[in-house]
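For reference, the chains in residue letters:
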Amino acid sequence: MKITVLGCGALGQIWLSALIRMGHDVQGWLKVFAPHFRFQVVSPEQDSFSHTLSVNDSHKLQQCELLLVTLKAQQLPSGLLPLISLLPKKCPIILMHNGLGVVDELPQLTQPLCHAVTTQAAYRTPTATFHKGWGFTQLGPLNSAAASLSDLAKILHQALPDVAWYDDIKTSAWKKLAVNAVINPLTVKYHCQNGQLMDVLSEVTLLCREIALVMNREGIHTDDSQLFESVVNVIQATAGNYSSMLQDIQAQRSTEVDYITGYLLKRARCFGLNLPQHTALYQWIKQQESDYASDTLRTTLPSSW
Ligand code: NAP
Ligand code: PAF
């Protein structure tokens, strides 16, 4: 299959290596043009895969049979839109990211559009990408053109198992958002590994209660204790991890908070709900982001300013 992967970061590279190994005809799409992209992925079993990939070939994009988008939520609209006019009208697009609300920022697309929610885990260093743990990827349709594309899950499953098709991908995405909306901002607040959140379970309880209110209004069947249990499971399973949001804050990058807590608060407002715990965490993260944004501005402005 002719596949383009847009966003060749940690998640993009583990998919690139898996798809190439399956014999697919794959190219990468980078923000800045380069003739080639060399990358190395180390598997959880310590096998190393190195490859030099062709990138940003518009001709290949025009022939593409699948566009896999592994950008961060906040990078997605500006990264994807310039490619749409080159992409065949029937080429499925899979948005594989954490958070929700990206799709509200995209125009209506003729291409079949899917969302993928994954628990695969990978991180990048300057020399290689480390695939830290095998996960589960849930794939499902975001528009009617994608409703009958369940075979895509089989193709992806052959490359990087497990992958399964979910007609109701909205519920899967909300469940993942719930986990991220609790763990990620709390690890920034306490500047800690995920496992240390076991010391603040009363806060976890309050955050889960607020999320359950919104999810119920979204028509998703869940409650505080189910959410609490799944969040605690992830805290324990990823105890030694530094969350992606804490890593972004430490590296002074913009975080995905607008598509996690921000989206939760936006939906809560639509239902007339007030979420004081999540509001406080959201403001905390935005404050951190704006502190380093203004530090950067200060250090890049001439001293006369
Ligand atoms: P990442 O390593 O930062 O990868 C994103 C890549 O996209 C970076 O290489 C970035 O380049 C590139 N990029 C940014 N703007 C672009 C543009 N306009 N055109 C082309 N490329 C562009 O992030 P990630 O960890 O792979 O995460 C991707 C998504 O998957 C996120 O939503 C994340 O929450 C989710 N996710 C990740 C994991 C994981 O284990 N990594 C697991 C589950 C879900 P620069 O770095 O040069 O900006
Ligand atoms: O964003 C992250 O860091 C991860 O999705 C998770 C599950 C919170 C584990 O660190």
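Here the residue numbers are simple positions, counted from 1 along each chain's written sequence. In the order they appear in the text, chains get letters beginning with A and ligands get numbers beginning with 1. Since the coordinates come from a predicted model, pLDDT governs what is reported: local features require at least 70, and pairs of side-chain atoms require 80 or more to be given and counted, while whole-chain, interface and lining totals use all residues. Computation of side-chain values: all heavy atoms of the structure, hydrogens and water removed.

### A closer look at the site of ligand 2
Around ligand 2, the neighbouring residues are N98, K176, N180, I183, N184, N194, V234, N241, S243 and S244. Contacts described as polar in this section are N or O atom pairs within 3.5 Å, which, within protein, must combine one atom able to donate a hydrogen with one able to accept it, while residues neighboring in sequence count only if both atoms come from side chains. Here an oxygen atom of ligand 2 and a side-chain polar atom of K176 are 3.0 Å apart. At a separation of 2.6 Å, an oxygen atom of ligand 2 approaches a polar side-chain atom of S244. The accessible surface values rely on the Shrake-Rupley method and a 1.4 Å probe; as for residues, cover is taken only from the protein chains in view. Here ligand 2 has 280 Å² of accessible area as a free molecule, and 85% of this is covered by the chains. A helix here means a DSSP run of H or I that spans at least four residues, while a strand means a run of E at least two residues long, and both kinds are numbered starting from the N terminus. In terms of residues, the shell around ligand 2 owes the most to one element, helix α5 (residues 169–190), which gives four residues. Any residue outside Ala, Val, Leu, Ile, Met, Phe, Trp, Tyr, Cys, Pro, Asp, Glu, Lys and Arg is labelled polar, Gly included; the first ten of those are nonpolar and the last four are charged. Its residues assigned to classes, the shell around ligand 2 shows two nonpolar, seven polar and one charged. If a single non-hydrogen atom of a residue is within 4 Å of a molecule or strand, that residue counts as near it.

### Re the packing of α5 against helix α7 (residues 224–237)
Every angle, taken between N-to-C directions, lies between 0 and 180 degrees, and every axis is a line fitted to C-alpha atoms, over only the stretch in contact when it is a helix. At a closest axis distance of 10 Å, the pairing of α5 and α7 adopts a crossing angle of 60°. Crossing handedness for the pair α5 and α7: right-handed. Counted together, A178, V179, V182 and I183 of α5 and L227, S230, V231, V234 and I235 of α7 form the full contact between these two elements. Considered class by class, the residues forming the contact of α5 with α7 number eight nonpolar, one polar and no charged. Take the far helix as the reference: if the near one is turned anticlockwise from it by less than a right angle, the crossing is left-handed, and if turned clockwise, right-handed. Two residues form a contact once any of their heavy atoms are found within 4.5 Å.

### Structural notes on the site of ligand 1
Close contacts around ligand 1 come from 23 residues, with A10, L11, K31, A122 and E256 the closest. Between an oxygen atom of ligand 1 and a main-chain N or O atom of G9, the distance comes to 3.5 Å. A distance of 2.9 Å separates an oxygen atom of ligand 1 from a polar backbone atom of A10. A total of 890 Å² of accessible area belongs to ligand 1 in isolation, and the protein chains cover 80% of it. Sorting the residues of the shell around ligand 1 by element identifies α1 (10–21) and β8 (121–124) as the ones contributing at least two each. No other element matches the three residues that β8 contributes to the shell around ligand 1. Counted by class, the shell around ligand 1 contains ten nonpolar, nine polar and four charged residues.

### A short note on the nonpolar core
Here the nonpolar core consists of buried residues drawn from Ala, Val, Leu, Ile, Met, Phe, Trp, Tyr and Cys, with membership extended through side-chain atoms lying within 4.5 Å. Under the scheme applied here, a residue whose accessible area is under 20% of the maximum for its type counts as buried, over 50% as exposed, and between as partly exposed, the area being computed with a 1.4 Å probe on protein chains only. The biggest cluster of nonpolar side chains holds 41 residues, and the ones touching the most others in it are W174, L177, V182, L186, I211 and V231. For this core, the elements supplying multiple residues, two or more each, are α5, α6 (201–217), α7, α8 (244–250), α9 (261–270) and α10 (276–300). Counting residues per element, this core draws most heavily on α5, which supplies eleven residues. Beyond its immediate chain neighbours, meaning those up to four positions away, L186 contacts L197, V200, E203, V204, L207 and L281. Counting residues in hydrophobic clusters, the runner-up holds 34 residues, among them I3, A34, V163 and W165.

### What about α6?
The end-to-end C-alpha separation of α6 is 25 Å, in line with the 24 Å expected for 17 residues at 1.5 Å each. Of all the residues in α6, the buried ones are E203, V204, L207, C208, E210, I211, A212, V214 and M215. One or two steps after α6, the chain reaches G219, where phi turns positive at roughly 90°. Residue count minus one, scaled by 1.5 Å, sets the expected span of a helix.

### Side note on the side chain of T238
Residue placement: T238 occurs in the loop between α7 and α8. Within the structure, T238 has its side chain in polar contact with the side chain of N194 (distance 2.9 Å). In this view, T238 contacts N194 and G195; residues no more than four positions away in its chain are not counted.

### Some remarks on the confidence of the model for the protein chain
In this model, the protein chain carries an average pLDDT of 95, and 96% of its residues clear a pLDDT of 70 or more. Values of pLDDT, ranging from 0 to 100, describe the predictor's confidence in every residue of the model. pLDDT under 50 marks residues 300–305. Its contacts with residues more than four places away, or in other chains, come to zero contacts.

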